[in-house]
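Chain by chain, the residues run as shown.
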Amino acid sequence: MPKPSDFFVDVLEFFTILLPGACLIYLIQPLIINNTPALWLPANETQGWIVFLVLAYIAGHLLHAIGSWILDDYVYNKFYVPRWRASHSQAVKWINGGDSTSLRKDKDAVNTLLARVYLTTKVNTQGTNYYDWCLSAVRMNSPAGTVEVDRLQADSKFFRSMVLIFLVTALLSLQYGLMWLSIGFAALTIFATWRFCELRWTATKRVYEYYLLLQPTTKESVTLSDNA
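Structure report, in brief.

Rules and cut-offs
Residues numbered from 1 in each chain as written. Predicted model: local features only at pLDDT ≥ 70, side-chain atom pairs only at ≥ 80, totals over all residues. Heavy atoms only, no water. Helix = DSSP H or I, 4+ residues; strand = E, 2+ residues; numbered from the N terminus. Buried < 20%, exposed > 50% of the residue type's maximum accessible area, 1.4 Å probe, protein only. Contact = heavy atoms within 4.5 Å. Areas by Shrake-Rupley, 256 points an atom, 1.4 Å probe, with all protein chains shown as cover. Salt bridge = Lys/Arg side-chain N within 4 Å of Asp/Glu carboxyl O. Axes fitted to C-alpha atoms, helices over the stretch in contact; angles between N-to-C directions. Parallel < 35°, antiparallel > 145°, perpendicular 65-115°, else oblique. Left-handed = near helix turned anticlockwise from the far one by under 90°. Nonpolar A, V, L, I, M, F, W, Y, C, P; charged D, E, K, R; others polar. Core = buried A, V, L, I, M, F, W, Y, C linked by side-chain atoms within 4.5 Å. Expected span 1.5 Å × (residues − 1). Arc of directions from axis to C-beta. Phe/Tyr/Trp six-rings, centres within 6.5 Å; stacked < 30°, edge-to-face > 60°. Lys NZ or Arg CZ within 6 Å of the ring centre and 35° of its normal.

## A closer look at the overall build of the chain
So, point 1. Along its length, the chain carries eight helices and zero strands.
So, point 2. Helices and strands in the chain line up, N terminus first, as α-α-α-α-α-α-α-α.
So, point 3. Considering the chain as a whole, with its 228 residues, one finds that 36% of them fall into the buried category.
So, point 4. For the chain, restricting intrachain contacts to residue pairs at least 6 apart in sequence, the fraction spanning at least 24 positions comes to 72%.
So, point 5. Total accessible area computed for the chain in this model is approximately 13700 Å², and 64% of it derives from carbon and sulfur atoms.

## Focus on the pattern of salt bridges
So, point 1. For the structure on display, the rule yields seven salt bridges.
So, point 2. Residues arginine 151 and aspartate 155 are paired through a salt bridge, measuring 4.0 Å at the closest nitrogen-oxygen approach. Pair noted here: arginine 151 and aspartate 155 are both in helix α7 (residues 143-175), with a separation of four residues, about one helical turn.
So, point 3. Residue classification places arginine 151 among the partly exposed residues on the basis of a relative accessible area of 46%.
So, point 4. Residues joined by salt bridges that share partners form a network here, namely Asp72, Arg160 and Arg200.

## So, the packing of helix α6 (residues 130-141) against α7
So, point 1. Running from amino to carboxyl end, α6 crosses α7 at an angle of 130 degrees, the nearest separation of the two axes being 6 Å. Considered as vectors, α6 and α7 are oriented oblique to each other. Read as a crossing pair, α6 and α7 show a hand that is left-handed. Of the residues in α7, those touching α6 at Tyr131, Leu135, Val138, Arg139 and Asn141 are Pro143, Gly145, Thr146, Val149, Asp150 and Gln153.
So, point 2. Split by residue class, the contact of α6 with α7 holds five nonpolar, four polar and two charged.

## Section: the nonpolar core
As a rule of thumb, nonpolar side chains are buried together in soluble globular proteins.
So, point 1. Judged by nonpolar contacts, the single largest core of 25 residues is most densely connected at Tyr76, Tyr80 and Phe196.
So, point 2. The biggest single contributor to this core is helix α2 (residues 45-84), with eight residues.
So, point 3. Counting residues in hydrophobic clusters, the runner-up holds 22 residues, among them Ala91, Tyr118, Tyr131 and Tyr208.

## Here's the deal with α6
So, point 1. An ideal rise of 1.5 Å per residue puts 16 Å on twelve residues; α6 measures up with 16 Å between its terminal C-alpha atoms.
So, point 2. Taken as a whole, α6 has its buried residues at Tyr130, Tyr131, Cys134, Leu135, Ala137 and Val138. One side of α6 carries all its buried residues, which in axial view fall inside an arc of 160 degrees.

## Describing the packing of aromatic side chains
So, point 1. For the coordinates displayed, the defined rule picks out twelve aromatic pairs.
So, point 2. Taken together, a centroid distance of 5.6 Å and an interplanar angle of 20 degrees make the contact between tyrosine 76 and tyrosine 80 stacked. Here tyrosine 76 pairs with tyrosine 80, and both are found in helix α2, just four residues apart, close to one helical turn.
So, point 3. Taking the relative accessible area as the measure of exposure, tyrosine 80 reaches 4% and is therefore buried.
So, point 4. Relative to phenylalanine 159, the ring of phenylalanine 158 has its centre 5.6 Å away and its plane inclined at 80 degrees; by these criteria the two rings are edge-to-face.
So, point 5. Site record: aromatic cluster; members linked through ring pairs are Tyr76, Phe79, Tyr80, Trp84 and Phe196.
So, point 6. If you follow lysine 93 out to its NZ or CZ, it ends over the ring of tryptophan 94, 5.8 Å from the centre.

Take a look at the structure:
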């Protein structure tokens, strides 16, 4: 039986790009068919599937880009982390400012995984950030850790795209007067947002945990800035 990898689509891409894109195309399919010239429509089932998969792939990348811009920057970084992961957020603040002295004095922030990476391991993150640096180290040194992190990232990005799909479905349901359906999809939008944030946070923790377990620590503190 064919697998996603047989078509040069890895697990991460399958769950984060193709599946959400397919959901969106299926959702707006009536609008596409009704507003497309008859000559442009697929002539048979095979052509129909090819067009569907191509549009799903493109739509998936569009959802991925919009989700990354809105949900990563505004929902996760500026809302979820400062309110529910305050110690990590404070550690990021001290590290971005290069203030290791204040970081050491902050009892909550200094005990975070990010602070431990910053203070107890010799890391040169010039040109990148601590998360990407640690993730690259995990990919090089721990196949098992890489599999777990990839799975968490795939799940988080899947729910990130589903936030947009549920939101579009809620708005379309409202437009057609399906109030209860609209409320249901609005609730699913909130759930998908929460699930995305939780999974992304778990993936972040796993990256730092694996890095700290794999890398030898030193007593030297570093004074590099964190771009995360």
